[in-house]
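Topology and contacts: notes
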Amino acid sequence: MRTLVRPAVLKTPRGRLVYWFLFAVAIILFTVAFIIPLYWMVTGGMKSSPELARNPPTYIPEEWHPSNYSDTWNRLELARYFGNTVVLIGGAWLLGLAIQLPAAYALSKLRPRFGKIVLGMMLVTLMVPATALLIPTYLTVTDVPVLGLNLINNPAAVWLPAAANAFNIYVLKNFFDQIPDELLDAARIDGAGAFTTMWRIILPLSRPIIAVVSILSISALWRDFLWPMVVLPDPAKQPITVYLQRIADTTSLNMLIAGMVLASIPLVVVFLIFQRHILAGLTAGSLKG
């Protein structure tokens, strides 16, 4: 195996020194690139409005105002909009898993007659820009086919489009393809049906990929702005991302930044929780030969 630097060079003192120097520089640069925006955002929420608008800016607050965060939480009534966001994201996440897992399992292991055609049609939707689908999707939720329901100002207007995620189905299917069919055959011999096989064999082995798909879905839903703004025109039902944008012109800059910091905390917590499950699932879901 050939690498950028020959192994013989790495064994020399000079080679090791250069290698570790470049490695340390790369780590420091990447760390700074990620930490500085976070530091700037968190400290910006602790500055006063005049200091925050000063040019050139102050890199360390002259006066620390950590109470800005509690004031922002109370004055902007963020608890209410956090609740709206949790309802929207939680419902879309659960409904998405309820649809995407069986769909990926059917395409991977049940292999229906027109499964490849269905998968190809789903993958075609990934090549269409999201903005091009905005109007058709809006017309669909305003007049749901067959049912004739208008879902405007209804959480289902966010849940249903988010659940129909072709990328997640494709990722899950590729993971299910790697699970040996011998396990499913053994379950069928024991009398397990398709649902029991998926519930008792496929899903326990798929915890890593379920965690990854959950992270992708929740982060995308939390950052989404345009679609909730379109289908939830009632301010009382909007998520926190739409609410902060709506009040941006009438709110002081330091309170707005503090609100953005508070809005980003749940995403960090969700990532840390699912990261632990990913690492645990990599060993718990491994197969023994």
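Please read all numbers here as calculations on a predicted model, not as lab measurements.

Here we look at the overall build of the protein chain
A tally of regular secondary structure across the protein chain gives 15 helices and 0 strands. Taking 19 Å as the expected radius of gyration for a compact globule of 289 residues, we find that the protein chain reaches 25 Å, considerably beyond that expectation. Principal axes of the C-alpha set define a box for the protein chain whose edges measure 75 × 70 × 35 Å. Restricting the contact set of the protein chain to residue pairs at least 6 apart, pairs at least 24 apart contribute 70%. Surface exposure of the protein chain reaches about 18200 Å², of which carbon and sulfur atoms provide 70%.

Let's talk about a nonpolar patch on the surface
A surface patch of nonpolar side chains, amounting to about 1100 Å² of accessible area, comprises Phe30, Phe34, Ile35, Leu38, Tyr39, Trp40, Tyr59, Ile60 and Trp64. Here Ile35 shows up in helix 2 (residues 13-44).

Looking at the pattern of salt bridges
A full pass over the atoms with the stated rule returns 5 salt bridges. For Lys109, the salt bridge is made with Asp181, and the minimal N-O distance between the two is 2.9 Å. Taken together, the residues span a long stretch of sequence, with Lys109 in helix 5 (residues 78-110) and Asp181 in helix 10 (residues 181-189) at a distance of 72 residues. The exposure class of Asp181 is partly exposed, given its relative accessible area of 31%.

Description of empty space enclosed by the protein
Taken as a whole and assessed by the stated rule, the structure comprises 1 cavity of 30 Å³ or more. For the largest cavity, the calculated volume is near 80 Å³. Looking at the largest cavity, the residues that line it are Thr85, Leu88, Ile89, Val158, Leu221, Trp222, Asp224, Pro228, Pro239, Ile240 and Thr241. Broken down by secondary-structure element, the contributors of at least two residues to the lining of the largest cavity are helix 5, helix 12 (207-223) and helix 14 (240-246). Counting residues per element, the lining of the largest cavity draws most heavily on helix 5, at 3 residues. Taken together, the residues of the lining of the largest cavity break down into 8 nonpolar, 2 polar and 1 charged.

Considering the side chain of Ser206
Residue position: Ser206 is located in the loop between helix 11 (194-205) and helix 12. Setting aside residues no more than four positions away along its own chain, Ser206 makes contact with Phe175, Phe176 and Ile179.

Considerations on helix 2
Between its terminal C-alpha atoms helix 2 stretches 45 Å, which fits the 46 Å expected from 32 residues at 1.5 Å a residue. Listed in full, the buried residues belonging to helix 2 are Gly15, Thr43 and Gly44.

Quick look at the packing of helix 11 against helix 12
As a packed pair, helix 11 and helix 12 sit with axes 5 Å apart at the nearest point and diverge in direction by 70°. It follows that helix 11 is roughly perpendicular to helix 12 by the angle criterion. Only Arg207, Pro208 and Ile210 of helix 12 make contact with helix 11, whose side of the interface consists of Leu203, Pro204 and Leu205. Residue classes in the contact of helix 11 with helix 12 are distributed as 5 nonpolar, no polar and 1 charged.

Describing the packing of aromatic side chains
For the structure on display, the rule yields 6 aromatic pairs. Ring centres of Phe82 and Trp222 lie 6.1 Å apart, and the angle between their planes is 45°; this geometry places the pair in the tilted category. Of this pair, Phe82 sits in helix 5 while Trp222 sits in helix 12, and the two are 140 residues apart along the sequence. You can call Phe82 buried: its relative accessible area is 11%. The structure contains a cluster of three or more aromatic residues connected by ring pairs, namely Trp73, Phe82 and Trp222. Above the face of the Trp40 ring, Lys47 is positioned so that its terminal group lies 4.8 Å from the ring centre.

Quick word on the confidence of the model for the protein chain
Per-residue confidence for the protein chain gives a mean pLDDT of 86, with 92% of residues at or over 70. Taken element by element, the protein chain is modelled with least confidence in helix 1 (residues 7-10), mean pLDDT 68, and with most confidence in helix 5, mean pLDDT 93. Between residues 281-289, whose pLDDT stays under 50, and residues either more than four places distant or in other chains, the model counts 10 contacts.

Thoughts on the layout of surface pockets
Looking at the largest pocket, its volume works out to about 960 Å³. For the lining of the largest pocket, the secondary-structure elements that each account for two or more residues are helix 5, helix 7 (134-142), helix 8 (156-163), helix 9 (166-177), helix 12 and helix 13 (226-231). Considering every element that reaches the lining of the largest pocket, the biggest residue donor is helix 5, with 5 residues. Its residues assigned to classes, the lining of the largest pocket shows 20 nonpolar, 8 polar and 1 charged.

Reading the values: rules and limits
- Residues numbered from 1 in each chain as written.
- Predicted model: local features only at pLDDT ≥ 70, side-chain atom pairs only at ≥ 80, totals over all residues.
- Heavy atoms only, no water.
- Helix = DSSP H or I, 4+ residues; strand = E, 2+ residues; numbered from the N terminus.
- Rg over C-alpha atoms; globule rule 2.2 N^0.38 Å.
- Contact = heavy atoms within 4.5 Å.
- Areas by Shrake-Rupley, 256 points an atom, 1.4 Å probe, with all protein chains shown as cover.
- Patch = residues over 30% accessible without salt bridge, like charges linked within 9 Å, V, L, I, M, F, W, Y side chains within 5 Å.
- Salt bridge = Lys/Arg side-chain N within 4 Å of Asp/Glu carboxyl O.
- Buried < 20%, exposed > 50% of the residue type's maximum accessible area, 1.4 Å probe, protein only.
- 1 Å grid on protein atoms, 1.4 Å probe; cavity = no way out; pocket = protein on both sides within 12 Å on 5 of 7 lines; lining within 4 Å.
- Points joined across faces, edges and corners; volume = space filled by probe spheres on them.
- Nonpolar A, V, L, I, M, F, W, Y, C, P; charged D, E, K, R; others polar.
- Expected span 1.5 Å × (residues − 1).
- Axes fitted to C-alpha atoms, helices over the stretch in contact; angles between N-to-C directions.
- Parallel < 35°, antiparallel > 145°, perpendicular 65-115°, else oblique.
- Phe/Tyr/Trp six-rings, centres within 6.5 Å; stacked < 30°, edge-to-face > 60°.
- Lys NZ or Arg CZ within 6 Å of the ring centre and 35° of its normal.
- pLDDT = per-residue confidence, 0-100.

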